[in-house]
Amino acid sequence: MKGSRVVKRLDISGVVQGVGFRPFLFGLAKKYHLTGEVSNTSLGVCVLLEGLPEQIEQFSNEVYHKSPLLASVTHISTNDAPSRKFSCFQIVKSQTSKQRRTLISPDVTLCRDCLSEMKDPRDRRYQYPFINCTNCGPRYTIIEDIPYDRPQTSMRHFKMCAACQQEYDDPLNRRFHAQPNACPECGPQVSLTDPGGNRIVSGSKTAITLAAQYLSRGRIVAVKGLGGFHLACDAANQSAVQRLRQRKGRPHKPFALMAESASVLFDHVHVSGREKELLESVSRPIVLLTKKQVKEGHIPGLASEVAPFNPCLGIMLPYTPLHYLLLEKGPCVLVMTSGNRSGEPLSIENEDALDAVSSMADYVLLHNREICFRADDSIVRVQAGRTRFIRRSRGYAPLPIVLKQKLPKILGCGAGLKNTICLTRNHHAFLSPHIGDLENVKSYEVYQDSIDHLQQMFDIQPAIIAHDMHPGYYSTAYALAQKTVKKVAIQHHHAHAAACMAENNLDEAVIAITLDGTGYGTDGHIWGGEILLCTQKGFKRKAHLSYLKMPGGDAAVLEPWRMAASVLYQAMGNDFLTLDLPYVREMGREKLSFVGKMMEKNVNSPLTSSAGRLFDAVASLLCIRHKISHESQAAMELEALADENSTGEGYAFELAASLHNDPDDSFEINLMPGIRQMIGELRQNRSAGTISSTFHHTLVQAFRMAAVTVSQQTGIRKIVLSGGVFNNDIILNLMIRALEENNLTVYTHTKVPFGDGGICLGQAVIAAAREGKE
């Protein structure tokens, strides 16, 4: 009856720890004259409320609709509770239990209030590089275990001073129960060392000022951040950038930049309203932005070597107090590239990092707050009007992808490159931050640690492990070593398609176009230019690019000239050696004759239907890039060269019955007629930009016709696009437009990457479907 006081228990789940949620509830309880208590639990937050029913209902409504910026409430369970005769509302000690269901906030950027305090000479945290509050700062990277309380984080080593403790205990203070709360008197400190770890300066302000001065003088400084180390230098200093490339062994791959503010960028790149929002968002990803007019390879105000042969710059804004201070005292745009040896995972421990950067950095800016777990910078790009992930990591992971279907506990092991792992439970798929390429023992150790860490944090011991079919992947080896758990092998491109289906809530049959560089096929060949008829449970290969030979096997990935030779051999036979082309002259007939004999005799020449290898071949034929120093380099440079003013006409192609062990109604997409036309244009000295554009249009037109054919055969009109080739802006935009013009409904990725960083989600979804979902 209205007017009678009741006691209710509210169990709130979602991102509700480490985001100022309990102080928010404290304020709500005071607003509605409710007594009771709130505590963190391993499942989220538990609230006991005593008051009038209508006031408790108003309280619950505000929890759903007006929670703090960083919070996300997914469910509130309300039940009656026995009377406790509370005299007030208070925050009490966290509860622990065997079950762990709470969601964990990612690390987020410094808030405006903290930034203002840090810049105020009268504030006690003036220029303090670890300032934070409940609305900002580190989360995932400092958490060792849940519930999220200071003793469970790397801040446990720093006892709060009286002033910080008073803030922490004051319900009206924005640092109320802010677990990383600290100040210069009691918190972490920064020091500057030489590459050998010998301390030069130990006071935070002095160390940062000196580091900024060194950056301004063209020195390279390794900087310990939130989830790892960066190597930094002045982005306007050509000599410093070149020296960093030499020391890191990274001759061409674009460097990420960090700018003091978005306005600093306007002279260098085009920035749309949506791109500015992304730059300034709490997640602070690296945003790929199109360069402004470049004259003779030079970008006004920046070293040309920051991103050679690339139309974009990858730029982020500062996200830690330390970053703000470095940019304020030093150059306004810094190169901020990962501080690890090539092929190795991010360093997070001081000693390990010093060993890794000793040959690359002139100085090292360290701090004594432990990084509990790695989080590389996220990378996004606005394509076809929507935000797309190139890498989903810091600022986003480990927030879950919310799925339509309910899944059992499954581990998706991911791919061999750009690895992430996925753990599922009910409607949540938890993807790890970016792990990287699993190509050595160190990377594999980090991979194992990542799985163990997420399993512990989310209390998910998988009943099923889903892995790639490729027998040589470290991720496959991990899966097969787990003897007591059911294993499910998943074809690579089916996983790509299923990931796109899952994030778009599709559980019916679809047509999938999957374009990438490498994926182990069911026939033992290397796939990568596929049209699949897919359900979550299974697939049928309906069409694919005609197979090409890869002379030298994996060497053909690093040396695109080999794929160019393969394309010419496929199109012209051994006559290609007599062609009067710049490519043939540059390579030399003797070398080309040798690989021709390899292909003729099928010596170390595996077959591939990869679209990625086809891009490599054309890039080399046009003499753009014969050898690469980083993944997708040749394809990226081919895209950059494409003439925007081209007419949009394509070369010839054929859809022909499959010559391999495919289903009877499947067919091949043969681009060799177009390659022969391309050869004729090369001999006529047609511009490389026009040929590149024509090739892009040809690939899209061929897959459009193939998809329309499959749609007519099956009656299916929903198309999903996946695979790393769709990071190519030209291909994605042209493909969407071409398919929609044929009245097909197109679904793409916006929650996980097109590339292999999304594979693990698809693996888990397929495994669940094969096991009957639950």
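Only a predicted model underlies this, so the values are computations on that prediction, with no experimental measurement involved.

Caption draft 1: Molecular detail of the packing of helix α17 (residues 611–621) against helix α18 (residues 633–641). The geometry of α17 relative to α18 is characterised by a closest axis approach of 8 Å and an angle of 65° between their N-to-C directions. Handedness of the crossing formed by α17 with α18: left-handed. Contacts from Phe615, Asp616, Val618 and Ala619 in α17 reach Ala634, Ala635 and Leu638 in α18.

Caption draft 2: Expanded view of the sheet that holds strand β20 (residues 486–490). One open sheet holds the four strands; their spatial order is β18-β17-β19-β20, and the pairing between them is mixed. Since the sheet does not close on itself, it has two edges, and those belong to β18 (422–431) and β20, each with one partner. Here the strands of the sheet are splayed against their neighbours by 60° on average, with no regard to which way each runs. Of the pairings in the sheet, the one linking strand β19 (residues 464–468) to β20 comprises five bridges and is parallel in character. By the bridge assignment, aspartate 468 is partnered in β20 with isoleucine 490. Contacts from helix α11 (residues 474–481) reach β17 (401–412), β19 and β20, with the element oriented near 150° to β19.

Caption draft 3: A look at the pairing of β18. Summarising burial for β18: eight of the 10 residues are buried, a large majority. Inspection of the sheet shows β17 paired to β18 by six bridges, in the antiparallel sense. Looking across to β18, one finds that leucine 411 is bridged to leucine 423.

Caption draft 4: Local environment of the pairing of β17. As defined by bridge partners, β17 adjoins β19 across three bridges and the pair is classed as parallel. By the bridge assignment for β19, glycine 412 is matched with alanine 466.

Caption draft 5: Structural view of the packing of helix α14 (residues 560–572) against α17. With their axes 7 Å apart at the nearest point, α14 and α17 run at an angle of 90° to one another. The angle between α14 and α17 falls in the class roughly perpendicular. Taken together, the residues of α17 that come into contact with α14 (itself represented by Pro560, Trp561, Met563, Ala564, Val567 and Leu568) are Arg613, Leu614, Asp616, Ala617, Ser620 and Leu621. Split by residue class, the contact of α14 with α17 holds nine nonpolar, one polar and two charged.

Caption draft 6: Representation of helix α20 (residues 688–714) in the model. In this model, α20 (27 residues) spans 39 Å end to end at C-alpha, consistent with the 39 Å of a helix rising 1.5 Å per residue. Buried residues dominate α20, accounting for 19 of its 27 residues. Positive phi shows up at glycine 715, right after α20, with a value of about 80°.

Caption draft 7: A look at the pattern of salt bridges. Under the counting rule described, the total for this entry stands at 32 salt bridges. For aspartate 80, the salt bridge is made with lysine 8, and the minimal N-O distance between the two is 2.4 Å. Of the two residues, aspartate 80 sits in strand β4 (residues 72–80) while lysine 8 sits in strand β1 (residues 6–15), which places them 72 residues apart along the sequence. Given a relative accessible area of 60%, aspartate 80 falls into the exposed group.

Caption draft 8: Up close: the nonpolar core. Counting 97 residues, the largest nonpolar core has Ile12, Phe21, Leu25, Val47, Phe59, Val63 and Leu365 as its most contacted members. Once you skip the residues sitting within four places of it in the chain, phenylalanine 59 turns out to touch Leu10, Leu25, Leu28, Ala29, Tyr32, Leu34, Val47 and Leu49.

Caption draft 9: Representation of the packing of aromatic side chains within the structure. Tallying each qualifying case throughout the model produces 14 aromatic pairs. Considering the side-chain rings of tyrosine 140 and phenylalanine 373, the 6.1 Å spacing of their centres and the 70° angle between planes classify their relative orientation as edge-to-face. Separated by 233 residues along the polypeptide, tyrosine 140 in the loop between α3 (112–118) and α4 (162–169) and phenylalanine 373 in the loop between β14 (363–367) and β15 (379–383) bring together distant segments of the chain. A relative accessible area of 10% places phenylalanine 373 in the buried class. Centre to centre, the rings of phenylalanine 389 and tyrosine 396 are 4.8 Å apart; their planes meet at 85°, and the pair counts as edge-to-face. Classification of tyrosine 396 as buried rests on a relative accessible area of 17%. Taken together through their ring pairs, the aromatic side chains of Tyr444, Tyr447, Tyr474 and Tyr478 make up a single cluster. Of note, arginine 394 hangs over the ring of tyrosine 319, and the distance from its end group to the ring centre comes to 3.6 Å.

Caption draft 10: Highlighting the sheet that holds strand β3 (residues 44–51). Strand order in this open sheet of five strands is β4-β1-β3-β2-β5, and the pairing throughout is mixed. The sheet terminates laterally at β4 and β5 (89–91), the two strands that pair on one side only. Taken pair by pair, the neighbouring strands of this sheet meet at an average axis angle of 20°, ignoring direction. Pairing between β1 and β3: seven bridges, direction antiparallel. Bridge pairing links lysine 8 to leucine 49 in β3. Along the sheet face, helix α2 (residues 53–65) touches β1, β3 and β4 and points at about 160° away from the line of β4.

Caption draft 11: Focus on unusual backbone geometry. The peptide bond linking alanine 397 to proline 398 adopts the cis configuration, its omega dihedral lying at 10°. As for its position among the elements, proline 398 is in the loop between β16 (386–391) and β17. With phi around 45°, arginine 284 is a residue other than glycine that occupies positive phi space. Here arginine 284 lies in the loop between α7 (273–280) and β11 (286–290). The buried category is assigned to arginine 284, whose relative accessible area is 8%. You will see that cysteine 623, though not glycine, has its phi angle at about 60°, which is positive. By the secondary structure assignment, cysteine 623 is in the loop between α17 and α18. Judged by relative accessible area, which is 26%, cysteine 623 ranks as partly exposed.

Calculation notes
- Residues numbered from 1 in each chain as written.
- Predicted model: local features only at pLDDT ≥ 70, side-chain atom pairs only at ≥ 80, totals over all residues.
- Heavy atoms only, no water.
- Axes fitted to C-alpha atoms, helices over the stretch in contact; angles between N-to-C directions.
- Helix = DSSP H or I, 4+ residues; strand = E, 2+ residues; numbered from the N terminus.
- Left-handed = near helix turned anticlockwise from the far one by under 90°.
- Contact = heavy atoms within 4.5 Å.
- Pairing = 2+ DSSP bridges.
- Buried < 20%, exposed > 50% of the residue type's maximum accessible area, 1.4 Å probe, protein only.
- Parallel < 35°, antiparallel > 145°, perpendicular 65-115°, else oblique.
- Nonpolar A, V, L, I, M, F, W, Y, C, P; charged D, E, K, R; others polar.
- Expected span 1.5 Å × (residues − 1).
- Salt bridge = Lys/Arg side-chain N within 4 Å of Asp/Glu carboxyl O.
- Core = buried A, V, L, I, M, F, W, Y, C linked by side-chain atoms within 4.5 Å.
- Phe/Tyr/Trp six-rings, centres within 6.5 Å; stacked < 30°, edge-to-face > 60°.
- Lys NZ or Arg CZ within 6 Å of the ring centre and 35° of its normal.

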